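Notes for the structure review
Okay, here's what each chain looks like letter by letter:
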Amino acid sequence: MNSVPRLPEDGEGPSSFVAKGRPRSTWVAFVVALLLVSAVGLFSPWTGSLNHPESQRDSDFQILHAAGRGLVEQRDIHDPEVLDEIGRRDGRPATPFCASNPLVIRTFGLLSEKDVHSAYRVGLIVNSCLAVLAVILLAGVVRALGRDAHREGEQAMSSLVSRGRFPWMALAFGLVALGLGEGLWMSLAMNTTNLLALVALLAALQAACAGRPALEGTCLAIALVAKTSPVLMLLIVLLAGRWRVALWAMAVTGVLATVSIAWSGWAVHESWAVHVLPVLGYAPEVTPGSFNNSLHAWNLAPNGLLTRTMLGANAPRLFALLGAWLVTGLVFVQLYGALKRKPGRDGDVARVQNKGTPPAGNASTYVREYALGITAMLLVSSVTWPHHLVLLAIPAIWFLWCVTRAIKGRSAMGPALVGLMCFVGLALPLGTFDESPNMSVGIAARTAMLVVLFAVLVPREQTSRPGQSTSASA
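Let me begin by describing the structure that accompanies this report. (Residues numbered from 1 in each chain as written. Predicted model: local features only at pLDDT ≥ 70, side-chain atom pairs only at ≥ 80, totals over all residues. Heavy atoms only, no water.)

In terms of regular secondary structure, the protein chain is built from 23 helices and zero strands. Taking all 474 residues of the protein chain together, the buried fraction comes to 53%. For the protein chain, the proportion of contacts with a sequence separation of at least 24, taken over those separated by at least 6, is 75%. Here the protein chain has roughly 21,000 Å² of accessible surface; of this, 66% comes from carbon and sulfur atoms. (Helix = DSSP H or I, 4+ residues; strand = E, 2+ residues; numbered from the N terminus. Buried < 20%, exposed > 50% of the residue type's maximum accessible area, 1.4 Å probe, protein only. Contact = heavy atoms within 4.5 Å. Areas by Shrake-Rupley, 256 points an atom, 1.4 Å probe, with all protein chains shown as cover.)

Right under this line is the structure:
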């Protein structure tokens, strides 16, 4: 006798019914993602350098460790001679200036009694744990997008990350977004605060999806203390109409600044503002022979590219400065058009959020906002190193989700595919496009891909009411 197919029981939605039929494919996807990430990490030259004393000595971690030692010893760490003298204890003849703020430097000073190699191992353990946490948070973002899909009637999408099952597919998304890019492995080798900034931004994004402005603002404050460039995210939330988030972020930043001054004194903060911030500006002039961020071949920010181009053409420095400000102005104009709330639907969303209840479909809005903000951040910063691209894990999640929806016929394929291809190009190892010592072609190609990535993210997503199909661009 033929068996009768079982219908969903009460309380069991279509998405969960579909999801129960595909448990194997989700954990298989996770295993495949894990194997791919393991292979990338195994063959990355940055992974091979983790245990080399010479690489540890020449890493960015050594700069922070030397500056932390100097701060504990109450010395002027922004004096190049002082930092070089401390760095020579580690065997590094010349230590580049430390751009991090005093709170970060003083935190690294907690390891000042350890030699640089022992301290490096401690930092690597912390950053490895942060990388695992980032994958978990990325999976949480995917599950929030899945809840959006469920509310909008996209059963095929919501079944990938349905509630009540172990999130194998969501974790696979997170692994791919973070682990396939060289930014992760280079960040681990440099062993600084990139992953802390990423985790803080992801936690802020999770808080936004949950409708918790105080927590979101607190996490944003931690991100902008870990790395200066996330301060742009304050503009993002302001343009999006989320004033409470920005106010919380500024308040918590003020508290952290007070803690930093109480911990290390006012003098080092004044020195940081006077000696470090100007050097981090667009196309700065520094003492001949000193380390210059703008002129370094690996600085892939438009500022760096324009500064090196103008120098090679013997053009006035002013041209590079004007070009960098022009790029920043254009980015800000695009951000205004992409994020400024419109009356009607967007105003309703903002009003509902103020009551603390996330409106339907808001996770997609917030993920796009953060993806757009992070990409803009990398473009307007005076310095964007290749290991800063680890922050692209958030835009990568967005594009992976959009491409998956496009495959299911729920959105346009073109923009999402272009964005994903840019992410793949940016994830490739240094030297892939150009093997010359200064990698002028390869770095310029990465800058161009960031510009395209930003352009693809700018158009607003076309949303619909729950139960209707959704057509979205990336």
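Next comes the rest of the account.
Right, let's talk about helix H15 (residues 243–264) for a bit. Helix length check: H15 (22 residues) gives 31 Å between terminal C-alpha atoms against 32 Å at 1.5 Å per residue, within 8%. Within H15, burial applies to Val 245, Ala 246, Ala 249, Val 252 and Ser 260. Mapping the buried residues of H15 onto a view down its axis gives an arc of 135°, with all of them on the same face. In this structure, H15 carries Trp 243, Leu 247, Val 255, Thr 258 and Ala 262 as exposed residues pointing more than 90 degrees from its buried face. Two residues or fewer after H15 comes Gly 265, characterised by a positive phi angle close to 90°. (Expected span 1.5 Å × (residues − 1). Arc of directions from axis to C-beta.)

Glancing now at the environment of Tyr 370. Examined against the element boundaries, Tyr 370 turns out to sit in helix H20 (residues 362–380). Along the sequence, Tyr 370 and Leu 202 sit 168 residues apart, while their C-alpha atoms lie 8.9 Å from each other.

This part is about empty space enclosed by the protein. Taken as a whole and judged by the stated rule, the model has four cavities of 30 Å³ or more. When its volume is computed, the largest cavity comes out at roughly 80 Å³. Around the largest cavity, the lining residues are Ala 177, Leu 178, Gly 181, Gly 183, Leu 184, Leu 389, Val 390, Leu 392, Ala 393, Phe 423, Leu 426 and Ala 427. Those elements that place two or more of their residues in the lining of the largest cavity are helix H10 (168–179), helix H11 (182–190) and helix H22 (413–427). When residues of the lining of the largest cavity are assigned to their parent elements, the largest contribution, three residues, is made by H22. Its residues assigned to classes, the lining of the largest cavity shows 10 nonpolar, two polar and no charged. (1 Å grid on protein atoms, 1.4 Å probe; cavity = no way out; pocket = protein on both sides within 12 Å on 5 of 7 lines; lining within 4 Å. Points joined across faces, edges and corners; volume = space filled by probe spheres on them. Nonpolar A, V, L, I, M, F, W, Y, C, P; charged D, E, K, R; others polar.)

Inspection of every chain in the model, using the stated rule, returns eight salt bridges. Glu 73 is the salt-bridge partner of Arg 75, the closest N and O atoms lying 4.0 Å from each other. Between Glu 85 and Arg 75 there is a salt bridge; the shortest N-O distance is 2.7 Å. On the criterion of sequence distance, the pair formed by Glu 85 in helix H6 (residues 80–87) and Arg 75 in the loop between helix H5 (60–72) and H6 is long-range, its members being 10 residues apart. Each of Glu 73, Arg 75, Glu 85 and Arg 89 takes part in one network of salt bridges that share partners. (Salt bridge = Lys/Arg side-chain N within 4 Å of Asp/Glu carboxyl O.)

Here we take up the environment of Trp 266. Topologically, Trp 266 is positioned in helix H16 (residues 266–276). Between the C-alpha atoms of Trp 266 and Pro 102, which are 164 residues apart in sequence, the distance is 9.9 Å.

What follows deals with the packing of helix H17 (residues 302–312) against helix H18 (residues 317–339). Viewed as axis vectors pointing N to C, H17 and H18 meet at an angle of 155°, and their least axial separation amounts to 9 Å. In this view, H17 runs roughly antiparallel relative to H18, as classed from their interaxial angle. At the point where H17 passes H18, the crossing takes the right-handed sense. Across the interface between the two elements, Pro 302, Asn 303, Leu 306, Thr 307 and Met 310 from H17 touch Phe 319, Ala 320, Gly 323, Ala 324 and Val 327 from H18. Counted by class, the contact of H17 with H18 contains seven nonpolar, three polar and no charged residues. (Axes fitted to C-alpha atoms, helices over the stretch in contact; angles between N-to-C directions. Parallel < 35°, antiparallel > 145°, perpendicular 65-115°, else oblique. Left-handed = near helix turned anticlockwise from the far one by under 90°.)

A separate point is the side chain of Arg 446. Checked against the element boundaries, Arg 446 lands in helix H23 (residues 440–457). Not counting residues up to four positions away in its chain, the partners in contact with Arg 446 are Glu 182, Leu 300, Gly 425, Leu 426, Leu 428, Pro 429, Leu 430 and Phe 433.

Here we come to the nonpolar core. Most often, soluble globular proteins have nonpolar side chains that are buried together. The biggest cluster of nonpolar side chains holds 126 residues, and the ones touching the most others in it are Leu 178, Leu 198, Leu 220 and Leu 335. Among the elements that make up this core, the one with the highest residue count is helix H8 (residues 116–151) (16 residues). Those residues in contact with Leu 178, other than ones at most four positions away along the chain, are Ala 131, Ala 134, Val 135, Leu 138, Leu 184, Leu 198, Val 390 and Ala 393. (Core = buried A, V, L, I, M, F, W, Y, C linked by side-chain atoms within 4.5 Å.)

Moving on, we get to a nonpolar patch on the surface. A surface patch of nonpolar side chains, amounting to about 510 Å² of accessible area, comprises Trp 27, Val 28, Val 31, Val 32, Leu 35 and Leu 36. Judged by its relative accessible area of 36%, Val 28 falls in the partly exposed class. (Patch = residues over 30% accessible without salt bridge, like charges linked within 9 Å, V, L, I, M, F, W, Y side chains within 5 Å.)

With a phi angle near 45°, Ala 283 is a residue other than glycine that sits in the positive phi range. Within the secondary structure, Ala 283 is located in the loop between H16 and H17.

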